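Residues per chain are reported as follows:
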Amino acid sequence: EIKYDIIKSVKKEDADDEILIKYKGALGIPSECEFSFMNKNDAASFLQYLETEHHFTHTTERLSPIKSARPYIIGLVISIGITVFAHYQAVAIANGTANESSSRKTQMFNNIVEMLGDKGVIGIGVLVCAFIIYTIWKRFTNPPMLTTLLPK
């Protein structure tokens with residue numbers, strides 16, 4: 001439950017279903033909550049309700065291409081890093097030089113990497129990166145509109 005008087009901002013991109021609410025949490029620490037409605041009309045009604053009943057100021061702006069693609073660019077860098085790490089791990093496992101770990105998560109990761117092999121890891125990494133690059137291109141060429149509601 002978020003009280004209206006602690007809301008700092010409400011944001012929604014036109015192409016997205018998610019609504020992001022930033023608010024002052026416990027001890028004044030900034031927090032955020034992201035949610036969506038099943039029906040798109042409910043989201044519009046919610047934003048309209050905040051604007052009319054609680055007198056939030058409504059602004060709409062088109063995001064810059066870089067700003068709209070930034071989270072996906074970061075995701076691309078992380079995906080490339082994970083792919084490179086998994087590739088070297090697959091080569092180490094194939095050569096028998098991989099470190100044995102007692103951690104269950106590490107063993108599971110190593111089992112998956114061993115099953116895929118170095119070419120499988122590269123193949124999956126390329127597919128994931130290609131999808132992220134496609135998403136970056138779409139957002140860069142057609143940045144979404146951002147609706148922001150701020151309390152008075």
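See the structure shown above.
Residues numbered from 1 in each chain as written. Predicted model: local features only at pLDDT ≥ 70, side-chain atom pairs only at ≥ 80, totals over all residues. Heavy atoms only, no water.

Asker: Can you help me understand the pairing of strand β1 (residues 7–13) in this one?
Answerer: In summary, the side chains of a regular strand alternate between the two faces of the sheet. Counting buried residues in β1 gives five out of seven residues, a clear majority hidden from the surface. Summarising the sheet, β1 and strand β2 (residues 18–24) pair through four bridges and their orientation is antiparallel. The residue of β2 that forms the bridge with K11 is L20. Where β1 meets strand β5 (residues 145–150), four bridges bridge the pair, whose relative direction is antiparallel. Bridge assignment links E13 to a residue of β5, and that residue is L146. (Buried < 20%, exposed > 50% of the residue type's maximum accessible area, 1.4 Å probe, protein only. Helix = DSSP H or I, 4+ residues; strand = E, 2+ residues; numbered from the N terminus. Pairing = 2+ DSSP bridges.)

Asker: What's the story with the sheet that holds β5 in this structure? I'm lost.
Answerer: Backbone hydrogen bonds are what pair the strands of a sheet, in a parallel or an antiparallel way. Read from one edge of the open sheet, five strands run β3-β2-β1-β5-β4, paired in antiparallel fashion. A single partner strand is all that each edge strand has here, and the edge strands are β3 (30–36) and β4 (57–62). Each strand of the sheet is rotated relative to its neighbour by a mean of 20 degrees, with strand direction disregarded. Helix-sheet contacts for helix α1 (residues 40–53) involve β1, β2, β3, β4 and β5, and the interaxial angle to β1 is about 145 degrees. (Axes fitted to C-alpha atoms, helices over the stretch in contact; angles between N-to-C directions. Contact = heavy atoms within 4.5 Å.)

Asker: I'm lost on the packing of helix α2 (residues 65–95) against helix α3 (residues 104–141) in this one. Help?
Answerer: The angle between the axes and the distance between the axes are what describe a pair of packed helices. At a closest axis distance of 8 Å, the pairing of α2 and α3 adopts a crossing angle of 165 degrees. Accordingly, the angle class assigned to the pair α2 and α3 is roughly antiparallel. Here α2 runs over α3; the crossing is left-handed. Partitioned by chemical class, the residues of the contact of α2 with α3 number 22 nonpolar, ten polar and three charged. (Parallel < 35°, antiparallel > 145°, perpendicular 65-115°, else oblique. Left-handed = near helix turned anticlockwise from the far one by under 90°. Nonpolar A, V, L, I, M, F, W, Y, C, P; charged D, E, K, R; others polar.)

Asker: Explanation requested: a negative patch on the surface in the structure shown.
Answerer: A cluster of acidic residues, D14, D16, E18, E32 and E34, forms a negative patch at the surface. Looking at the secondary structure, you find E18 in strand β2. (Patch = residues over 30% accessible without salt bridge, like charges linked within 9 Å, V, L, I, M, F, W, Y side chains within 5 Å. Areas by Shrake-Rupley, 256 points an atom, 1.4 Å probe, with all protein chains shown as cover. Salt bridge = Lys/Arg side-chain N within 4 Å of Asp/Glu carboxyl O. Lys, Arg positive; Asp, Glu negative; His and termini not counted. Charge placed at Lys NZ, Arg CZ, Asp CG, Glu CD.)

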